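Listed here are the chains, written in short residue letters.
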Amino acid sequence: MNVLVVGAGAMGRWFARTVRAHADASVAFTDVDPAAAEAAADAVGGRAVASDATETFDVVCIAVPMPVAETAIDEFAPLAADAIVDVTGSMAGPIAAMRAAMPEGQRLSLHPLFAPENAPGNVAVVADAPGPETETVVGALTDAGNDCFETTAAEHDGAMETVQASAHAAVLAFAMAAADVPDRFQTPISAGLFDLVEQVTGGDPRVYADIQDAFDGADAVAEAARQIADADADTFEGLYEQLS
């Protein structure tokens, strides 16, 4: 199986490395930055191709930022002989774009719920139009130790409102509101929150911005914080008991 990975970032490299190791696939990279494609190919073991290449591949994997996923699907679907896959992080939009661009082909949407350096982990899977190549891809991810579970685009995108958009907003809001407190004053809860702040702020800010743009959730966190701030003792107790 020969695979083209569109996008030479960390997630594209993770996908290429996994299918190369566990599906005996040959891999090629393309990227708007040709140097990035060359670097990924050198790191993973593969080759780089120009973004205007016309050769076809058994599988084309779209591994680009969410705001440009649908554009990349439209552009590179013609290079997919059998299957198109995306690992972009949202599902409804990319799946609709894949259906439009490759109505007769195999289509697979994946969301690894971890940073590549933390692999293996849970991988959300929507096999929109399964076939031999997409099954080989999912098998390779499973063989690499990932827990691949089936879902729907609606279920996935709804869950991301909580586990990504709301969670990140809550952590970052705490970071913005928190004072610089000496370690000797930390409690187990506050220390855990500061650990989360360090984890979240150690990533790529553009990725976190794209998540906030793609999924609702931050407004609900802001409204909940306002309810807590405005609550008197009895109201607070009621809110607390609802959550207990």
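Everything below is about the structure printed above this text.
The present account deals with the structure reproduced in this document. Computed from a predicted structure; not experimentally measured. (Residues numbered from 1 in each chain as written. Predicted model: local features only at pLDDT ≥ 70, side-chain atom pairs only at ≥ 80, totals over all residues. Heavy atoms only, no water.)

Next up on the list: the packing of helix α1 (residues 10-22) against helix α2 (residues 34-44). Between two packed helices, what matters for the description is the angle formed by their axes and the separation of those axes. Two numbers describe how α1 lies on α2: the axes approach to 10 Å, and their chain directions differ by 35°. Along this stretch, α1 crosses α2, giving a crossing that reads as right-handed. Every residue of α2 that contacts α1 at Arg13, Ala16, Arg17 and Arg20 is listed here: Ala36, Ala39, Ala40, Ala43 and Val44. The residue makeup of the contact of α1 with α2, split by class, is six nonpolar, no polar and three charged. (Axes fitted to C-alpha atoms, helices over the stretch in contact; angles between N-to-C directions. Helix = DSSP H or I, 4+ residues; strand = E, 2+ residues; numbered from the N terminus. Left-handed = near helix turned anticlockwise from the far one by under 90°. Contact = heavy atoms within 4.5 Å. Nonpolar A, V, L, I, M, F, W, Y, C, P; charged D, E, K, R; others polar.)

Interhelical geometry of helix α3 (residues 69-76) versus helix α4 (residues 92-101) gives an angle of 20° and a closest axis separation of 9 Å. With respect to α4, the element α3 is oriented roughly parallel. As for the relative orientation of α3 and α4, their crossing is right-handed in sense. Each of Ala69, Glu70, Ile73 and Asp74 in α3 lies in contact with α4, whose residues at this interface are Gly93, Pro94, Ala97, Met98 and Ala101. Split by residue class, the contact of α3 with α4 holds six nonpolar, one polar and two charged. (Parallel < 35°, antiparallel > 145°, perpendicular 65-115°, else oblique.)

All right, on to the layout of surface pockets then. What the largest pocket holds in volume is close to 1300 Å³. Contributing to the lining of the largest pocket are 41 residues, with Met11, Phe114, Ala115, Pro116 and Val207 lying nearest its centre. Within the residue set of the lining of the largest pocket, elements represented by two or more residues are α1, β6 (106-112), α6 (153-177), α7 (188-201) and α8 (205-214). Grouping the amino acids of the lining of the largest pocket by side-chain chemistry returns 24 nonpolar, twelve polar and five charged. (1 Å grid on protein atoms, 1.4 Å probe; cavity = no way out; pocket = protein on both sides within 12 Å on 5 of 7 lines; lining within 4 Å. Points joined across faces, edges and corners; volume = space filled by probe spheres on them.)

The subject of this paragraph is α7. Taking 1.5 Å of rise per residue, 14 residues should cover 20 Å, and α7 covers 20 Å from first to last C-alpha, within 8% of that figure. Among all positions in α7, only Ser190, Val197 and Val200 are buried. All buried residues of α7 fall inside an arc of 85° around its axis, so they share one side. Across α7 from its buried face, at more than 90 degrees, point the exposed residues Pro188, Asp195, Glu198 and Gln199. (Expected span 1.5 Å × (residues − 1). Buried < 20%, exposed > 50% of the residue type's maximum accessible area, 1.4 Å probe, protein only. Arc of directions from axis to C-beta.)

Regarding α3, the residues found buried are Ala69, Ala72, Ile73 and Phe76. Around the axis of α3, the buried residues are gathered within 105° of arc, so they sit on the same side. Buried residues along α3 sit in contact with β1 (2-6), β2 (26-30), β4 (57-62), β5 (80-86) and α4.

Moving on, we come to unusual backbone geometry. Residue Pro120 is bonded to the preceding Ala119 through a cis peptide linkage, with omega at 5°. Along the chain, Pro120 falls in the loop between β6 and β7 (122-129). Phi is positive for Asp24, which is not a glycine, with a value near 55°. For Asp24, the location among the structural elements is in the loop between α1 and β2. Residue classification places Asp24 among the exposed positions, given a relative accessible area of 68%.

Next up on the list: the nonpolar core. Val3, Val5, Phe15, Phe29 and Leu110 are the most contacted members of the largest nonpolar core, which has 31 residues in total. With five residues, α1 is the single largest residue contributor to this core. Listed in part, the 24 residues of the second largest apolar core include Val64, Ile73, Ala80 and Ala124. (Core = buried A, V, L, I, M, F, W, Y, C linked by side-chain atoms within 4.5 Å.)

Okay, the side chain of Asp157 next. With respect to the element layout, Asp157 can be found in helix α6. Put simply, Asp157 is tucked away with no salt bridge, and the nearest opposite charge, on Arg99, sits 11 Å away. Here Asp157 is in contact with Ser90, Met91, Ala92 and Phe215, once residues within four sequence places are set aside. (Lys, Arg positive; Asp, Glu negative; His and termini not counted. Salt bridge = Lys/Arg side-chain N within 4 Å of Asp/Glu carboxyl O.)

Bringing a nonpolar patch on the surface into the picture now. Together, Ile228, Phe236 and Tyr240 make up a nonpolar patch on the protein surface, roughly 330 Å² of accessible area in all. Residue class for Tyr240 comes out exposed when judged on its relative accessible area of 55%. (Patch = residues over 30% accessible without salt bridge, like charges linked within 9 Å, V, L, I, M, F, W, Y side chains within 5 Å. Areas by Shrake-Rupley, 256 points an atom, 1.4 Å probe, with all protein chains shown as cover.)

On to the sheet that holds strand β3 (residues 47-48). One open sheet accounts for eight strands, arranged β3-β2-β1-β4-β5-β6-β7-β8; its pairing is mixed. Taken across any chain shown, the strands that pair with only one partner, and hence form the sheet edges, are β3 and β8 (147-150). Strand direction decides the pairing type here: β2 and β3, joined by two bridges, are parallel. By the bridge assignment for β3, Ala28 is matched with Arg47. Across the face of the sheet, α2 comes into contact with β2 and β3 while running at roughly 160° to β2. This element, α3, spans β1, β2, β4 and β5 of the sheet and lies at about 165° to β4. (Pairing = 2+ DSSP bridges.)

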